[in-house]
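Remarks on the overall topology
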Amino acid sequence: MRLYLIVSASPSLCPGDNPQATHLPRAWAPLARPPPHGSRLTADLFSTNPGALKSPVSEQTTTPEDQRSPEDPLTPPPPAASLTPEPHNPGTPPDLFESVAEGPVVVQGGSPKLSSVPLDLPAGGNGGEGKQQEQEEPQGPVEAALSIEGEGEGDVTSSDLIPDPSSNPVPPPALLHDPPNFLGDTDTTEVSLDDGKTKAEGDGGDEFIQITVSDPQKIGDGMSSYMAYKVTTKTNVSYFRKKHWSVMRRFSDFLGLHRKLVEKHLHSGRVIPPAPEKSAIGTTKIKLGSDKNADSGSLDFIERRRAALERYMNRTSTHPTLRADPDFREFVELDAELPRATQTSALSSAGVLRLLNRVGETVNKMTFKMDESDQWFEERTQQIESLDAQLRKLHASMERLVNYRRELALSTAAFAKATAVLSSVEEHSSLSRALHQLSESTERTQTIHHAQADADFYVLSENTKDYIQLISAVKDVFHERVKTFQTWQHAQITLAKKREAKAKAELAGRMDKVQQAQEEVTEWEGKVERSQEEFERISRAIKKEMEQFDVMRVKDFRDMVIKYLEDLMTSQQQIIKVWETFIPEAKAIS
Amino acid sequence: MAPILFQDGMEDVLPSETNGTKSGRSDTVDLNDSTLQVDISDALSEREKVKFTVHTKTTLPDYAKPEFSVVRQHEEFIWLHDRFDENEDYAGYIIPPPPPRPDFDASREKLQKLGEGEGSMTKEEFSKMKQELEAEYLATFKKTVAMHEVFLTRLAQHTVFRNDHNFKVFLEYEQDLSVRTKNKKEKVEGLFKSFNKSTDEILLAATQKDVDDYFEREKTFLLEYHMAIKDATTKADKMTQAHKSVADSYIQLSSGLSQLGTIEGPRLEKFINKVADTFEKARKVEGRVSSDEDLKLSDTLRYYVRDGSAAKDLLYRRLRCLANYEQANKNLDRARAKNKDVHAPVDVADAELAQQNACEKFEHISNKAKEELNDLKARRVTAFKKNLIELAELELKHAKAQAQLLKSCLQSLPEE
């Protein structure tokens, strides 16, 4: 493997010191040979343009501060390096720093990876190298240069440094975690789409957790492509490792999380917030469309989905039990890609199985009428049903409002254009001006209407839709309880049967059968007990959950309505401004 | 549809159309230079037609009584307009555009749809929407009355038109004018006539060179302007429609919310009811915005589309006259040439006479036309100014009202 040792020159190193500086091209040639010939290397290095000489170490030091180019460190540095110095004038000192700065662009890659490497070096290398971490310190380079000058020592440096690039490929992700402080408080850019980033920011306040979903990106091409989202978490909850960080997740990851949570928690009576639905049409459009052709329709779809994912994450995280769930934590924290939740695909065997299950359950729901002894549940079930129906109706009228307002925005825009044309045709000058103003004012109102339509949609309509889905999650939980009841009933019936069987056996005097029957009776007694417990437990849990759910629901609803009204009010105020500016213009018509 | 009696009260629509009278004044309806005052005091809407009660007050000697009323229908207005249009004496004037046919189809359709969907909404919602539709119907009705009235007032104020015999008949004759709507044959004839006219127009426009630069310019301007303003009118209409739909959808939102309130129970009920109430009020304001936009903006634009059309007609007539004049000239020359030897002065005299008539006519028209066009311009500017100001002020008022409404709602809400 080729290795280039390039020492960043200090100001004290004048190009004049290197009589062979001008022999740059020739000097590089020998370097093309495989490295470990340290002294030869260093001599040549020294003889070549000091500005071009850099150790990978200092290369790496410059990168965090200078460049954040995510190039592969291992792609042939030599030719690249040989090229970089040449364009510069080897002679002038200012260029030294320039080339120092530029080198990393071409040669250096995967900056955080390499930059983290040197940390290990100081342990192994000499102190000078450690100092080389900071670009500002000339001593490091000087020392390296000195050490290179002393050709014997050059061996040490070079041989020390030689193995390093080979160690570069050591898993970067691991390194990323360890020295977050190395990068200081500056942001690192995203290296690759699958890695996370670390931010060393603190956050205070009461126990809280807030998740934002952003930066939807299309990864890959064609049918195998998918959308990835950046999930940023801010929290001060203790069992999370950091206070503020991001990971990249794809859509199926979210669905996978939901499924796992449902599997684990539904039967304990928890209400699991539903995840956004899969949409075949929207997804296919995204997959097959190119980035440039992203029309407003698919952008809308992406935005909708992003907002829905954000709401989903926040709802799930406010639930203390779900928040502590290891799957949830892994989802939110793990920096690497999650294992593909293949079972979320609609066409997989698991998907088909789920579908069948769901059909079975629906039938069950319809046919089994539970003997409700608990008044509370009776009332709540009723209420949930009517709430569901009413919310659906409300949602429909909200969607109508959104559509009409969007239409209003469009027709206002058309009118603005027509008025502009009219104003240009009008020969009376002040009337023409006024008409032009009218056109502009209408243009502005159009923007306001459009923004309001978006608010209508995202604040009002989408939230209501979420609630409809939440209600069906609640219904699912209620149904779980019904199922538990069923199990209990079934157990009781079986117990009765077994007791009967035992009594019969006793009458018939069949002692062996009696023994067996006795065992079965005991077994089923146990089952009855357990299922009763289970039933009561789930009933209690649901009651608690519902309390919390109610509180949350009421609060959410109020917040939503208040926000919406505020938006409406802002729109109106903006409209006021528009017309206020127009009136003097109209009055000015002579 | 039950008959709706119309009482006076459309003054706010009138002024916009009747400003800029012949005497150049731009202040409003007070027809004080009038010894002839015409208005529509009453109107009745029956199944298919609307009956207008035309009321006249006059001090002119020609009229039998100083004050009287007759009942007229839309077709009779059109008849009157046609009489003016055909009259060659008026060729140099812009004939006030006829009022459009009263059209309640849209409202009727909506009412029907509402009736069909009655099952899917609550009683409250249904009655609210019905109220809205009825208000809409009423508004359309008022508008059509106003337009008919404007037509008449313009005629009454015009120094030449007001003395027209047909006008007098229209105002006075107590019986039905027995203007039957054109039967099929006449309709087809009418179609042909207008077709001819438009081809002639195009032909003339292409071939006839106007001697007067002013008129050339006017023609081009009017054509362009006409297209632009027609476009603006359609777009304005669409916009006001959309606005109305937004306002109407608030109704469903409001009632949906109140129902939700009853289900939710005490915790949220008060909150929700306040919000539902706010939406209801907001809806009314939005509705007003829509109708005001319609009135001030769309109607103004629409009226000037029609007026512009009438001006175009004037120009056309003038051009035709010019063509005739040039033709007469040619005839005269030809006659003179033909009759040079034979000295048959009759032909020549005829041709001369014809040429002279044509010349006079043309000059007359040209002068009048110039006046009329300038007048139109002035009228248009003032009308636009007035309506734009009023539009802006109304929009401002409504926006402020809505903002206030929402603010007070928000303030009263956070009561846990």
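Keep in mind it's a predicted model, so treat the numbers as computed, not measured.

**Let's talk about the confidence of the model for chain A**
Looking at chain A, pLDDT values average 68 and 60% of them are 70 or higher. Counted against residues more than four places away or in other chains, residues 3-205 of chain A, with its pLDDT under 50, gives 287 contacts.

**Some words on the interface of chain B and chain A**
If you look at the interface, chain B gives 61 residues, while chain A gives 56 residues. Buried surface at the junction of chain B and chain A, both sides included, amounts to about 5300 Å², of which 75% is carbon and sulfur. Put simply, chain B and chain A have 4 salt bridges between them. The tally of links from chain B across to chain A stands at 10 residue pairs in polar contact (both at pLDDT 80 or more). When residues of the side of chain B that touches chain A are traced back to their parent elements, those giving at least two are helix 7 (213-264), helix 8 (266-338) and helix 9 (345-412) of chain B. Ranked by the residues each element gives to the side of chain B that touches chain A, the list is headed by helix 7 of chain B, at 26 residues. For the side of chain B that touches chain A, the per-class residue count stands at 35 nonpolar, 9 polar and 17 charged.

**Examining the nonpolar core**
Residues Phe557(A), Leu257(B), Phe271(B), Leu301(B) and Leu388(B) are the most contacted members of the largest nonpolar core, which totals 102 residues. With 20 residues, helix 20 (residues 511-587) of chain A is the largest single contributor of residues to this core. If sequence neighbours within four positions are ignored, Leu388(B) has contacts with Leu435(A), Leu438(A), Phe582(A), Ala586(A), Ile589(A) and Leu297(B).

**Observations concerning the packing of helix 4 (residues 123-157) of chain B against helix 8 of chain B**
All names here are of chain B. The geometry of helix 4 relative to helix 8 is characterised by a closest axis approach of 12 Å and an angle of 25° between their N-to-C directions. For the element pair helix 4 / helix 8, the angle class is roughly parallel. Once helix 4 is placed against helix 8, the crossing between them reads as right-handed. Each of Lys-128, Glu-132, Lys-143, Met-147, Val-150 and Arg-154 in helix 4 lies in contact with helix 8, whose residues at this interface are Glu-280, Arg-283, Asp-294, Leu-295, Asp-299, Arg-302, Tyr-303, Arg-306 and Asp-307. Of the residues assigned to the contact of helix 4 with helix 8, the class counts are 4 nonpolar, no polar and 11 charged.

**What to know about the pattern of salt bridges**
Tallying each qualifying case throughout the model produces 61 salt bridges over all chains. Here Arg315(A) ties to Asp466(A) by a salt bridge, and the two come within 3.3 Å at their closest N and O atoms. Of this pair, Arg315(A) sits in helix 14 (residues 296-318) while Asp466(A) is found in helix 19 (residues 429-508), placing the two residues 151 residues apart along the sequence. On the basis of relative accessibility, which here comes to 10%, the residue Asp466(A) falls in the buried class. With its nearest N and O atoms 3.9 Å apart, the salt bridge here joins Arg72(B) to Glu76(B). Given a relative accessible area of 0%, Arg72(B) falls into the buried group. By relative accessible area, Glu76(B) is classed as buried at 3%. Through salt bridges with shared partners, a single network forms among Lys110(B), Lys128(B), Glu132(B), Glu136(B), Lys244(B), Asp248(B), Glu280(B), Arg283(B) and Lys284(B).

**Some details on empty space enclosed by the protein**
Across all of its chains, the model carries 17 cavities of 30 Å³ or more by this definition. Counted as a void, the largest cavity has a volume near 180 Å³. Along the walls of the largest cavity sit 20 residues, with His449(A), Trp579(A), His243(B), Glu293(B) and Glu395(B) positioned nearest its centre. Listed by contribution, the elements that provide at least two residues to the lining of the largest cavity are helix 18 (375-425), helix 19 and helix 20 of chain A together with helix 7, helix 8 and helix 9 of chain B. When its residues are assigned to classes, the lining of the largest cavity shows 10 nonpolar, 7 polar and 3 charged.

**Topic: unusual backbone geometry**
Residue Asp215(A) is not a glycine yet carries a positive backbone phi of 50°. Mapped onto the elements of the fold, Asp215(A) is located in strand 2 (residues 209-219).

**What to know about a nonpolar patch on the surface**
A cluster of nonpolar side chains, contributed by Val352(A), Leu353(A) and Leu356(A), occupies part of the molecular surface with about 290 Å² of accessible area. Looking at the secondary structure, you find Leu353(A) in helix 17 (residues 349-367).

**Observations regarding the side chain of Glu462(A)**
Examined against the element boundaries, Glu462(A) turns out to sit in helix 19. Every residue in contact with Glu462(A), bar those within four places of it in the chain, is listed here: Arg304(A), Arg311(A) and Phe457(A).

**Digging into the packing of aromatic side chains**
Summed over all chains, the structure comprises 27 aromatic pairs over all chains. Judged by centre distance (6.4 Å) and plane angle (70°), the rings of Phe557(A) and Phe271(B) are edge-to-face. You can see Phe557(A) sitting in helix 20 and its partner Phe271(B) sitting in helix 8, one on each of two chains. Accessibility classification places Phe557(A) together with Phe271(B) in one group, the buried group.

**Section: the packing of helix 19 of chain A against helix 20 of chain A**
Residue and element names in this part refer to chain A. Where helix 19 meets helix 20, the axes come as close as 8 Å, and the angle between the chain directions of the two elements is 170°. One finds that helix 19 runs roughly antiparallel with respect to helix 20. For the contact of helix 19 with helix 20, the residue count by class is 34 nonpolar, 18 polar and 18 charged.

**Considerations on the environment of Asp212(B)**
Residues and elements named next belong to chain B. By the element assignment, Asp-212 lies in the loop between helix 6 (184-207) and helix 7. For Asp-212, a relative accessible area of 22% corresponds to the partly exposed category. Linking Asp-212 and Ser-366, residues 154 residues apart in sequence, is a C-alpha distance of 9.3 Å. When neighbours within four sequence positions are excluded, Asp-212 is seen to be in contact with Arg-318 and Lys-370.

**A look at the pairing of strand 4 (residues 244-250) of chain A**
Note on strand geometry: in a regular strand, side chains alternate between the two faces of the sheet. Residues and elements named next belong to chain A. Across the 7 residues that make up strand 4, a large majority, 7, are buried. Of the two faces of strand 4, the one holding His-244, Ser-246, Met-248 and Arg-250 and the one holding Trp-245, Val-247 and Arg-249 are both buried throughout. As defined by bridge partners, strand 3 (residues 226-235) adjoins strand 4 across 7 bridges and the pair is classed as antiparallel. Looking at strand 4, one finds that Lys-230 is bridged to Met-248.

**Things to note about the side chain of Asp164(B)**
Residues and elements named next belong to chain B. Topologically, Asp-164 is positioned in the loop between helix 4 and helix 5 (165-172). Notably, Asp-164 is buried but unbridged: the nearest opposite-charge side chain belongs to Arg-83, and the N-O separation is 8.4 Å. Only 2.8 Å separates the side chain of Asp-164 from the backbone nitrogen of Asn-166, close enough to count as a polar contact. Sequence-distant contacts of Asp-164, defined by excluding residues within four places in its chain, comprise Phe-84, Asn-87 and Tyr-90.

**What to know about the environment of Val521(A)**
All names here are of chain A. Note that Val-521 resides in helix 20. Residues Val-521 and Lys-497, spaced 24 residues apart in sequence, show a C-alpha to C-alpha distance of 8.9 Å. When sequence neighbours within four positions are dropped, the list of residues in contact with Val-521 reads Leu-495, Lys-498, Arg-499 and Lys-502.

Calculation notes
- Residues numbered from 1 in each chain as written.
- Chains lettered and ligands numbered in written order.
- Predicted model: local features only at pLDDT ≥ 70, side-chain atom pairs only at ≥ 80, totals over all residues.
- Heavy atoms only, no water.
- pLDDT = per-residue confidence, 0-100.
- Contact = heavy atoms within 4.5 Å.
- Buried area = accessible area lost by both parts, 1.4 Å probe.
- Salt bridge = Lys/Arg side-chain N within 4 Å of Asp/Glu carboxyl O.
- Polar contact = N/O pair within 3.5 Å; in protein donor to acceptor, adjacent residues only side chain to side chain.
- Helix = DSSP H or I, 4+ residues; strand = E, 2+ residues; numbered from the N terminus.
- Nonpolar A, V, L, I, M, F, W, Y, C, P; charged D, E, K, R; others polar.
- Core = buried A, V, L, I, M, F, W, Y, C linked by side-chain atoms within 4.5 Å.
- Buried < 20%, exposed > 50% of the residue type's maximum accessible area, 1.4 Å probe, protein only.
- Axes fitted to C-alpha atoms, helices over the stretch in contact; angles between N-to-C directions.
- Parallel < 35°, antiparallel > 145°, perpendicular 65-115°, else oblique.
- Left-handed = near helix turned anticlockwise from the far one by under 90°.
- 1 Å grid on protein atoms, 1.4 Å probe; cavity = no way out; pocket = protein on both sides within 12 Å on 5 of 7 lines; lining within 4 Å.
- Points joined across faces, edges and corners; volume = space filled by probe spheres on them.
- Patch = residues over 30% accessible without salt bridge, like charges linked within 9 Å, V, L, I, M, F, W, Y side chains within 5 Å.
- Areas by Shrake-Rupley, 256 points an atom, 1.4 Å probe, with all protein chains shown as cover.
- Phe/Tyr/Trp six-rings, centres within 6.5 Å; stacked < 30°, edge-to-face > 60°.
- Pairing = 2+ DSSP bridges.
- Lys, Arg positive; Asp, Glu negative; His and termini not counted.

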